[in-house]
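Coordinate analysis (summary)
Chain residues, written in single-letter form:
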Amino acid sequence: MADLKLGVIGAGNIFRYVHAPAWKDNKDVEIVAVCDIDREKAEAVAKEFNIPHVYTDYKDVLAHEEINIVDICTPNLFHSEYSVAALEAGKHVLCEKPDAVSPEEAERMAAAAEKSGKTLMVMRNNRFSAASGYMKRFVEKGHMGEIYTGRCGWIRRRGIPGKGGWFTTKELSGGGPLIDLGVHFIDLAIWIMGNPKPVSVVGSTYTKFADTDLADSVHSQFGTKQDDGTFDVEDLATGFIRFDNGASLQIEFSWASNIEEEVNFYELRGTKAGASFKNGKLKIFTEVEEKLWNVEPEIGNHHTGDHANNINHFVDVVQGRAEAIFTPEQGVDMIKILDAIYKSAKTGHEVRL
């Protein structure tokens, strides 16, 4: 019998198509309950994955004595509230990104995790791809030298998720592509750089495509579209982050802009080598014997986004078999960066962290 009993809060597509298969394949875990305010949705997921208990109030999940781990897959607004409540109830927590919609809420989560002694991990699936692991080891062994600057982003031509629904409603999401996509590649770049502390940011945001219904990205299928819904978030964000070690990072994230194609990427520049990851392809740029070398490592899976490995890592941490590669403090720094970019965009000034 599985040691860990899982309760799920949020029965949307991210759980159904991404989290659930990974949980079902982990022999240490049994999914015993699923909760969603839409009971019909929760019942459909329960039937599909043979989950015995269905709830519409997340508090019923936390009151379930058998449950010792919780997976939170709700709209962004509720991540911190439900995470804190679960930690206070003595549960280990895996939460979908972003950590929270404000630095204050992210700090509440970190404090609750420390006080409870339970594991809090927010999804950072891009850290778990083969390419990401390779680059992390490459940097740690000194092959890049000093990484002093870089850039990263995820830009789409037309890929607005769930237009009119919670994705495009600031009250529920906290923002547009910056908070939706930025968590992925800002985190990945900073993690590979060695987790320097951010000290200031400057940024700009734009909303230029709120009236379009065109879509050319598979990612636009996330969320539920509402024709008469709200669109009060940005569709493009740019920015510049400075770190305590003198390094810097340029960023750009969009759901819609007039570009040639959808691209997700990071580019890091070091004194010994540079690295570029673009749409699944990793390249390293260096010099050997006074000649410039371009190298493409043969490492198998170059793709970003391995939710299953992230979930399995969470289980290993809870079971005491591994040390967490993500800490709540890193989550606080991430939300501080995003919040400061929004503030900078509004005021037109650099924001110190």
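See the structure shown above.
Here is a short report on the structure shown in this document. (Residues numbered from 1 in each chain as written. Predicted model: local features only at pLDDT ≥ 70, side-chain atom pairs only at ≥ 80, totals over all residues. Heavy atoms only, no water.)

The next thing to look at is the sheet that holds strand E10 (residues 248-254). With respect to topology, 9 strands assemble into an open sheet ordered E14-E13-E12-E11-E7-E10-E9-E8-E15, the strand pairing being mixed. Pairing within the sheet leaves two strands with one partner each, and these edge strands are strand E14 (291-295) and strand E15 (351-352). Pairing of strand E7 (residues 147-155) with E10 involves 7 bridges; the strand directions are parallel. Note that in E10 the partner of glycine 153 across the bridge is glutamate 252. Against the sheet, helix H11 (residues 328-347) contacts strand E8 (198-206), strand E9 (236-243), E10 and E15, and its axis sits at roughly 50° relative to E8. (Pairing = 2+ DSSP bridges. Helix = DSSP H or I, 4+ residues; strand = E, 2+ residues; numbered from the N terminus. Contact = heavy atoms within 4.5 Å. Axes fitted to C-alpha atoms, helices over the stretch in contact; angles between N-to-C directions.)

What follows concerns the layout of surface pockets. Space inside the largest pocket adds up to approximately 1,200 Å³. Secondary-structure elements contributing two or more residues to the lining of the largest pocket are helix H1 (13-25), helix H2 (39-49) and helix H4 (79-88). The leading source of residues in the lining of the largest pocket is H1, at 4 residues. When its residues are assigned to classes, the lining of the largest pocket shows 21 nonpolar, 19 polar and 8 charged. (1 Å grid on protein atoms, 1.4 Å probe; cavity = no way out; pocket = protein on both sides within 12 Å on 5 of 7 lines; lining within 4 Å. Points joined across faces, edges and corners; volume = space filled by probe spheres on them. Nonpolar A, V, L, I, M, F, W, Y, C, P; charged D, E, K, R; others polar.)

Assignment of secondary structure puts alanine 340 in helix H11. The spacing of alanine 340 and aspartate 99 is 241 residues in sequence and 15 Å in space, taken between C-alpha atoms.

With 6 of 7 residues buried, strand E2 (residues 29-35) is to be regarded as a mostly interior element. Both strand E1 (residues 4-9) and E2 contribute to a ladder of 6 bridges, which runs parallel. When the sheet's bridge partners are listed, leucine 6 is paired in E2 with isoleucine 31. What joins E1 to E2 is H1, and the crossover it makes is right-handed. (Buried < 20%, exposed > 50% of the residue type's maximum accessible area, 1.4 Å probe, protein only. Right-handed = clockwise from strand over helix to strand, strands pointing away.)

This part takes up the pattern of salt bridges. Going through the model one piece at a time under the given rule, you end up with 21 salt bridges. With a shortest N-O distance of 2.7 Å, glutamate 48 and arginine 16 are connected by a salt bridge. Highlighted residues: glutamate 48 in helix H2 and arginine 16 in helix H1, separated in sequence by 32 residues. Shared partners join several salt bridges into a network, and the residues in it are Asp99, Arg124, Arg127 and Asp187. (Salt bridge = Lys/Arg side-chain N within 4 Å of Asp/Glu carboxyl O.)

For the rest of this paragraph, the subject is the sheet that holds E1. In spatial order, the strands read E3-E2-E1-E4-E5-E6; together these 6 strands make up an open sheet with parallel pairing. Every other strand in the sheet has two partners, leaving strand E3 (53-55) and strand E6 (120-122) as the edge strands with one partner each. In this sheet, adjacent strand axes meet at a mean angle of 20° when their direction is disregarded. Summarising the sheet, strand E5 (residues 92-95) and E6 pair through 3 bridges and their orientation is parallel. What sits directly across from valine 93, in E6, is leucine 120. Those strands touched by H2 are E2 and E3, and its axis lies near 165° from that of E3.

When a strand is regular, its side chains alternate between the sheet's two faces. Because side chains alternate across E5, one face comprises the buried residues His92 and Leu94, and the other comprises Val93 and Cys95, equally buried. After leaving strand E4 (residues 69-72), the chain enters H4 and then returns to the sheet as E5, a path that is right-handed. Read as a crossover between parallel neighbours, the route from E5 over helix H5 (residues 103-116) to E6 is right-handed.

We now examine the side chain of aspartate 36. Mapped onto the elements of the fold, aspartate 36 is located in the loop between E2 and H2. Of the side chains with opposite charge, lysine 41 comes closest to the buried, unpaired aspartate 36, at an N-O distance of 4.6 Å. Beyond its immediate chain neighbours, meaning those up to four positions away, aspartate 36 contacts Gly10, Ala11, Gly12, Lys41, Ala42, Tyr55 and Thr56. (Lys, Arg positive; Asp, Glu negative; His and termini not counted.)

Turning next to the nonpolar core. Nonpolar side chains in soluble globular proteins generally cluster together in the buried interior. Ranked by internal contacts, the top residues of the largest apolar core, which has 105 residues, are Trp23, Met135, Ile186 and Tyr266. The element contributing the most residues to this core is helix H9 (residues 182-193), with 9 residues. Here isoleucine 186 is in contact with Cys152, Leu178, Ile241, Ile251, Phe253, Met334 and Leu338, once residues within four sequence places are set aside. (Core = buried A, V, L, I, M, F, W, Y, C linked by side-chain atoms within 4.5 Å.)

Those residues of helix H6 (residues 130-140) lying buried are Ala131, Ser132, Gly133, Met135, Lys136, Phe138 and Val139. Looking at the buried side of H6, the elements it contacts are E7, H9, strand E11 (263-270), strand E12 (274-278) and strand E13 (281-288). Of the residues one or two after H6, glycine 142 is the one with positive phi, at around 85°.

Glancing now at empty space enclosed by the protein. This structure, assessed with the given rule, holds 2 cavities of 30 Å³ or more. Here the largest cavity defines a volume of roughly 40 Å³. Along its surface, the largest cavity is lined by Asp99, Ala106, Met109, Ala110, Leu120, Val122, Pro328, Gly331 and Val332. Put simply, the parts of the chain that give the lining of the largest cavity at least two residues each are H5, E6 and H11. Here the residues of the lining of the largest cavity sort into 7 nonpolar, 1 polar and 1 charged. Estimates place the volume of the second largest cavity at around 30 Å³.

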